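# Structural overview for review
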Amino acid sequence: MPFYHQLGSIPEKRHIQFRKPNGELYYEQLFGTVGFDGMYSNMYHVHRPTQVKEIKNQYSVAPKVVKANNMQSYRLYGFDVAPEKDYLESRKIVLTNSDCHITLAAPQNKTQDYFYKNTDSDELIFIHKGSGKLRTLLGNLDFSYGDYLLVPRGIIYKIDFDTEDNRLFIVESRRPIYTPKRYRNWFGQLLEHSPFCERDIRRPNELETHDQTGEFVIKVKKRDEIFDMVYATHPFDVVGYDGYNYPYAFSIHNFEPITGRIHQPPPVHQTFETDAFVVCSFVPRLYDYHPLSIPAPYNHSNIDSDEVLYYVDGDFMSRNDVKPGQISLHPAGIPHGPHPGAYERSIGKTETKELAVMVDTFKPLMVTEEALKVADEKYYQSWL
């Protein structure tokens, strides 16, 4: 995020001595992205964060692609993905390309006896069902229904759920995820016309500091493989940090919709961006107020991007027979638009209660084996 945050104890300047009460040094770590050109934070550890005792296992979690070149529209029944007790095992990649994985998960428990770090990708975790606490080495965040959790690459974390009925929609991005440039001024501050502002961003406010030695398993993901790495000290031993690179939460319920007299294009719903895809939030809002307006979207050609829509709640006005937890995939290269009757049905309506998350990728998405397990193979014929 392009604004500064400080938590815990830090010295008055970077890269100088910072000592414990007993006179020993704390250990500084620069945590940055895009080499030395991106956002970064400086953190201070009780122990050296480099003490690897053993690498126990290495195994693949790469998705099994069954349609590498896809031109078929799909509907996926996301709630048909079976719950699993383990957090990482519950994550099922349904769509993928070289820039991102789109994943469904139904974990039943907190992260088990390990910590997790994704070294390749920022993770955007949307909470559809459930509540709990995201615990990280840079502080903790409480979460509930409708929250986006943005976990930058390299963050070590655990995730604890309050109940067993949890549903997550996850986007793993190999590009850094930012707020859209057009919403920010040249200082990085969110502008007046932005659909959200800094007050809506929840930053970590609870820092765990563990002074423990022993054996601590961190499951590290790199290039679609997991390495079980055993460290000699507890990874949550940070006494303080400051900077711009840290996890945060934003609720979809705090997204303020942009409306107009006639139908507004999808970019007005944009919430996050990378140089490879965008993420949009469709939220309850008033419809267009021109006397001859047609609130349903016009047919449009998907030439440059694949469109993925994850349905969260409410009655999505452009689709027939859509339920929470379903995903629609409309691939690039063919036009798509409202289902039969939706265009006409929308006329005269004054508001919508829909809630959905959209991901538009600039590279085509490949369909995986996990997607076909929950797919409606005839969805592409539903416009007849």
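Just so you know, these numbers come straight off a predicted model, no measurement behind them.

## Considering the overall build of the protein chain
Assigned secondary structure in the protein chain consists of three helices and 30 strands. In terms of overall dimensions, the protein chain is globule-like: its C-alpha atoms have a radius of gyration of 22 Å, near the 21 Å expected for 384 residues. In terms of overall dimensions, the protein chain has C-alpha extents of about 75 × 45 × 35 Å along its principal axes. Residues counted as buried form 56% of the 384 residues belonging to the protein chain. In the protein chain, 76% of the contacts between residues at least 6 apart in sequence involve partners at least 24 apart. Computing the positive centroid from 43 side-chain charges and the negative centroid from 51, the protein chain places the two 1 Å apart.

## Some points on the state of the cysteines
Disulfide: a covalent bond formed between the sulfur atoms of two cysteine residues. Per the stated rule, a full pass over the model turns up zero disulfides. Here Cys100 is not cross-linked by a disulfide; its sulfur's nearest cysteine counterpart is in Cys280, at 14 Å. Since its relative accessible area comes to 0%, Cys100 is described here as buried. Among the cysteines around Cys197, which has no disulfide bond, Cys280 carries the closest sulfur, lying 19 Å off. Judged by its relative accessible area of 27%, Cys197 falls in the partly exposed class.

## Description of the sheet that holds strand β8 (residues 100-105)
Here we have eight strands laid out as an open sheet, ordered β5-β29-β7-β8-β15-β10-β13-β19, and antiparallel in their pairing. This sheet does not close on itself; its edge strands, each paired only once, are β5 (65-67) and β19 (248-251). Mean inter-strand twist for the sheet, computed between neighbouring axes without regard to direction, equals 25°. Where β5 meets strand β29 (residues 366-368), two bridges bridge the pair, whose relative direction is antiparallel. Each residue of the ladder has a partner; that of Val65, found in β29, is Thr368.

## Digging into a nonpolar patch on the surface
Residues Leu30, Phe36 and Tyr40 make up a contiguous nonpolar surface patch of about 350 Å² in total accessible area. In this fold, Phe36 is placed in the loop between β2 (27-32) and β3 (40-45).

## Some thoughts on the nonpolar core
Of all hydrophobic cores here, the largest spans 79 residues; its most connected members are Tyr87, Ile102, Ile125, Tyr148, Tyr157, Phe169 and Val357. Dropping the residues within four chain positions of it, Phe169 is found in contact with Ile102, Thr103, Leu104, Leu124, Ile125, Phe126, Tyr310, Ile327, Val357 and Val359. Grouped together as the second largest cluster of nonpolar side chains are nine residues, Val278, Cys280, Phe316 and Ala356 included.

## Thoughts on the pattern of salt bridges
All chains considered together, the criterion is met by 24 salt bridges. Linking Arg153 and Asp122 is a salt bridge whose minimum nitrogen-to-oxygen distance equals 2.8 Å. Of this pair, Arg153 sits in the loop between β13 (147-151) and β14 (156-161) while Asp122 is found in strand β10 (residues 122-129), placing the two residues 31 residues apart along the sequence. Taken individually, Arg153 and Asp122 each receive the classification buried, so the pair is uniform in this respect. Notably, a salt bridge pairs Arg135 with Glu208, separated by 2.7 Å at the nearest N-O pair. Pair noted here: Arg135 is in strand β11 (residues 132-136) and Glu208 is in the loop between β15 (167-173) and β16 (213-222), with a separation of 73 residues, a long-range link.

## Some thoughts on unusual backbone geometry
In this structure, Val34 is a non-glycine residue whose phi angle is positive, near 55°. In this structure, Val34 sits in the loop between β2 and β3. Taking the relative accessible area as the measure of exposure, Val34 reaches 48% and is therefore partly exposed. Its identity is not glycine, yet Arg223 carries a phi of approximately 50°, on the positive side. By the secondary structure assignment, Arg223 is in the loop between β16 and β17 (225-233).

## Points about the packing of aromatic side chains
As enumerated under the stated definition, the model contains 18 aromatic pairs in all. Site record: aromatic cluster; members linked through ring pairs are Phe126, Tyr148, Tyr183, Phe196, Phe250, Phe255 and Phe272. Its end group placed over the ring of Phe115, Lys158 keeps NZ or CZ at 4.7 Å from the ring centre. The aromatic ring of Tyr114 is capped on one face by Lys219, whose charged end is 5.4 Å from the ring centroid.

## So, the side chain of Asp99
Counting through the fold element by element, Asp99 comes out in the loop between β7 (92-96) and β8. Setting aside its immediate chain neighbours within four residues, Asp99 contacts Glu172, Ser173, Arg174, Arg175, Ala276, Phe277 and Lys363.

## Points about the environment of Thr361
Tracing the sequence through the fold places Thr361 in strand β28 (residues 355-361). By relative accessible area, which is 0% here, Thr361 ends up buried. Excluding anything up to four places from it in sequence, Thr361 contacts Asn97, Cys100, Ala276, Phe277, Asp304, Ser305 and Asp306. Among the polar contacts made by the side chain of Thr361, one reaches the main-chain carbonyl oxygen of Lys363 at a distance of 2.9 Å.

## Side note on the environment of His47
Mapped onto the fold, His47 is located in the loop between β3 and β4 (52-60). It is 8.7 Å that separates the C-alpha atoms of His47 and Val238, two residues lying 191 residues apart in sequence. In this structure His47 touches Tyr27, Asp211, Gln212, Thr213, Thr233 and Asp237, once residues within four positions along its chain are discounted. Among the polar contacts listed, one links the side chain of His47 to the side chain of Asp211, at a separation of 2.6 Å.

Rules used throughout
- Residues numbered from 1 in each chain as written.
- Predicted model: local features only at pLDDT ≥ 70, side-chain atom pairs only at ≥ 80, totals over all residues.
- Heavy atoms only, no water.
- Helix = DSSP H or I, 4+ residues; strand = E, 2+ residues; numbered from the N terminus.
- Rg over C-alpha atoms; globule rule 2.2 N^0.38 Å.
- Buried < 20%, exposed > 50% of the residue type's maximum accessible area, 1.4 Å probe, protein only.
- Contact = heavy atoms within 4.5 Å.
- Lys, Arg positive; Asp, Glu negative; His and termini not counted.
- Charge placed at Lys NZ, Arg CZ, Asp CG, Glu CD.
- Disulfide = S-S within 2.5 Å.
- Pairing = 2+ DSSP bridges.
- Axes fitted to C-alpha atoms, helices over the stretch in contact; angles between N-to-C directions.
- Patch = residues over 30% accessible without salt bridge, like charges linked within 9 Å, V, L, I, M, F, W, Y side chains within 5 Å.
- Areas by Shrake-Rupley, 256 points an atom, 1.4 Å probe, with all protein chains shown as cover.
- Salt bridge = Lys/Arg side-chain N within 4 Å of Asp/Glu carboxyl O.
- Core = buried A, V, L, I, M, F, W, Y, C linked by side-chain atoms within 4.5 Å.
- Phe/Tyr/Trp six-rings, centres within 6.5 Å; stacked < 30°, edge-to-face > 60°.
- Lys NZ or Arg CZ within 6 Å of the ring centre and 35° of its normal.
- Polar contact = N/O pair within 3.5 Å; in protein donor to acceptor, adjacent residues only side chain to side chain.

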